[in-house]
Amino acid sequence: SAVISQKPSRDICQRGTSLTIQCQVDSQVTMMFWYRQQPGQSLTLIATANQGSEATYESGFVIDKFPISRPNLTFSTLTVSNMSPEDSSIYLCSVISPTNTGELFFGEGSRLTVL
Amino acid sequence: GDSVTQMEGPVTLSEEAFLTINCTYTATGYPSLFWYVQYPGEGLQLLLKATKADDKGSNKGFEATYRKETTSFHLEKGSVQVSDSAVYFCALFKRSYIPTFGRGTSLIVHP
């Protein structure tokens, strides 16, 4: 299994500012995923964070808005830039089981409210 | 591409009622299938899984059987509790691919 710590757990931010969310895993993992979960909606994959290379973004998400860092195999950050109220969501960090069985482990999420 | 379809929610039940949440999938090859649960204010956690056809995953009284002939993985529980109120996600995984999630089904259990 993998234990994931995310912070902040929640924050209230002003429009136009940026916030960086941190994700720390207790073991080395190859792939880390960042998801967005808007109120009452399903998970939307933002990007896959790969160590040593640029993140791979899904359609509708761009690096300028959601820059991602992956300095090592246990840590990643997601920044939400120039925030607007539409960015109010839960942001979830996730890793896939090191045994590659397909099981995902999730952080508890970062609940972001933009005023 | 691969996809997972779940029944629309919310599903509202009384305590001790029988629960079924339908999940069907479309995928090439032989995916593994999962149910995740998200309790209020928390991240997702694995509830159960099945890795091949006819496998039954079970945990905490929940069960789901991997039916390849109907491409389904319906979640069932014989007697739900208020504490089961959560959002349930069906997902599939194929090796070397990113997992695919359904939209999630909210379950509300009343005393």
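Look above for the structure.
Keep in mind the model is a prediction, meaning the values are calculated, not measured.

A. Up close: the interface of chain A and chain B. Taken together, the contacts link 20 residues of chain A with 19 residues of chain B. Overall, the association of chain A and chain B removes approximately 1,500 Å² of surface from exposure, summing both partners, and the carbon and sulfur fraction of that is 58%. Between chain A and chain B we count 4 residue pairs in polar contact (both at pLDDT 80 or more) in total. Elements that contribute at least two residues to the side of chain A that touches chain B include exactly strand S4 (31-37), strand S5 (43-50), strand S9 (89-96) and strand S10 (104-106) of chain A. In terms of residue count, the dominant contributor to the side of chain A that touches chain B is S4(A) (4 residues).

B. A look at the pattern of salt bridges. Residue and element names in this part refer to chain B. Summed over the entire model, instances satisfying the criterion amount to 5 salt bridges over all chains. For the salt bridge of Lys52 with Asp55, the shortest nitrogen-to-oxygen distance reads 3.3 Å. Lys56 is the partner of Glu63 in a salt bridge, and the nearest nitrogen-oxygen pair spans 3.6 Å.

C. Local environment of the pairing of strand S1 (residues 3-6) of chain B. Residues and elements named next belong to chain B. Judged by which residues are buried, S1 turns out to be one-sided: Val4 and Gln6 face inward and are buried, whereas Ser3 and Thr5, on the alternate face, are not. In terms of strand pairing, S1 meets strand S4 (residues 23-26) through 4 bridges, oriented antiparallel. Note that in S4 the partner of Val4 across the bridge is Tyr25.

D. Expanded view of the side chain of B:Thr65. Residues and elements named next belong to chain B. Among the structural elements, Thr65 can be located in strand S8 (residues 62-65). Its relative accessible area of 17% is what places Thr65 among the buried residues. Those residues in contact with Thr65 that lie beyond four places of it in its chain are Asp54, Asp55, Lys56, Ser72, Phe73 and His74.

E. Spatial organisation of the sheet that holds strand S7 (residues 68-72) of chain A. Residue and element names in this part refer to chain A. Pairing is antiparallel in the open sheet, where 4 strands are placed in the order S1-S3-S8-S7. The sheet terminates laterally at strand S1 (4-7) and S7, the two strands that pair on one side only. Recorded for the sheet is a direction-independent mean angle of 15 degrees between the axes of neighbouring strands. As paired elements, S7 and strand S8 (residues 75-80) share 3 bridges and run antiparallel to each other. Following the sheet pairing, Asn72 is matched in S8 by Phe75.

F. Spotlight on the state of the cysteines. Tallied over the entire structure, the rule returns 2 disulfides over all chains. The disulfide partner of A:Cys23 is A:Cys93, and the gap between their sulfur atoms is 1.9 Å. Between A:Cys23 and A:Cys93 the sulfur-sulfur dihedral comes to about -65 degrees; the bridge is accordingly left-handed. Placement of the pair is A:Cys23 in strand S3 (residues 19-25) and A:Cys93 in strand S9, with a sequence separation of 70 residues. Overall, the relative accessible area of 0% leaves A:Cys23 in the buried class. Looking at A:Cys93, the relative accessible area reads 0%, which means it is buried. A disulfide bridge connects B:Cys23 with B:Cys90, and the sulfur atoms are separated by 2.0 Å. One disulfide, between B:Cys23 and B:Cys90, carries an S-S torsion of -70 degrees and so falls in the left-handed class. Residue B:Cys23 is located in strand S4, and its partner B:Cys90 is located in strand S10 (residues 86-93); the two are separated by 67 residues in the primary sequence. Free cysteine: A:Cys13, not disulfide-bonded; nearest cysteine sulfur from A:Cys23 at 18 Å. What makes A:Cys13 buried here is its relative accessible area of 7%.

G. Representation of the layout of surface pockets within the structure. Approximately 540 Å³ is the volume found for the largest pocket. Surrounding the largest pocket, 30 residues form its lining, A:Gln37, A:Pro39, A:Gly40, A:Gln41 and B:Val87 being those nearest its centre. Elements with a contribution of two residues or more to the lining of the largest pocket: S9 and strand S11 (110-114) of chain A together with S10 and strand S12 (105-110) of chain B. Its residues placed into classes, the lining of the largest pocket shows 10 nonpolar, 16 polar and 4 charged. Estimated volume of the second largest pocket: approximately 220 Å³. Lining the second largest pocket, in full, are A:Tyr35, A:Ser42, A:Leu43, A:Thr44, A:Leu45, A:Glu58, B:Ile98, B:Pro99, B:Thr100, B:Phe101, B:Gly102 and B:Arg103. Secondary structure elements with two or more residues in the lining of the second largest pocket: S5 of chain A together with strand S11 (100-101) of chain B. Sorting elements by how many residues they give to the lining of the second largest pocket places S5(A) first, with 3 residues. Tallied by class, the residues present in the lining of the second largest pocket amount to 6 nonpolar, 4 polar and 2 charged.

Criteria and cut-off values
Throughout this description, residue numbers start from 1 for each chain and increase along the sequence as written. Lettering for chains starts from A, numbering for ligands starts from 1, and both go in the order in which the items are written. Whole-chain, interface and lining totals are the exception, using all residues; otherwise, since this is a predicted model, local features are given only for residues with pLDDT of at least 70 and side-chain atom pairs are given and counted only at 80 or more. Side-chain figures throughout are based on the complete set of non-hydrogen atoms in the structure, without hydrogens or water. Residue contacts are defined here by distance: any two heavy atoms, one from each residue, within 4.5 Å place the two residues in contact. Throughout, the accessible surface (probe 1.4 Å) given up by two parts as they are put together, summed over both, is called the buried area. The term polar contact refers here to a pair of N or O atoms within 3.5 Å; inside protein, the definition further demands a hydrogen-donor-capable atom paired with an acceptor-capable atom, and it admits residues adjacent in sequence only when both atoms are side-chain atoms. Helix and strand labels come from DSSP, where a helix needs a run of H or I of at least four residues and a strand needs a run of E of at least two; each type is numbered from the N terminus. The salt bridge criterion pairs a side-chain nitrogen of Lys or Arg with a carboxyl oxygen of Asp or Glu, the two atoms within 4 Å. Here's how the labels work: a residue is buried when its accessible area is under 20% of the maximum for its type, exposed when over 50%, partly exposed in between, all with a 1.4 Å probe on protein chains only. Strand pairing is assigned whenever DSSP identifies at least 2 bridges connecting the two strands. For every element, the axis is a line fit to its C-alpha atoms; helices are fit only across the contacting stretch, and the angle between N-to-C directions ranges from 0 to 180 degrees. By convention in this document, the label disulfide applies to cysteine sulfur atom pairs within 2.5 Å. Here a cavity denotes a set of grid points, spaced 1 Å apart and computed over the protein atoms alone, in which a 1.4 Å probe fits but from which it cannot get out, and a pocket denotes an open set meeting protein on both sides within 12 Å along at least five of seven lines; residues with an atom within 4 Å of a point are reported as lining. Grid points are joined across faces, edges and corners, and a volume is the space filled by probe spheres set on the points. As a working rule, the residues Ala, Val, Leu, Ile, Met, Phe, Trp, Tyr, Cys and Pro are called nonpolar, Asp, Glu, Lys and Arg charged, and the rest polar, with Gly in that last group.

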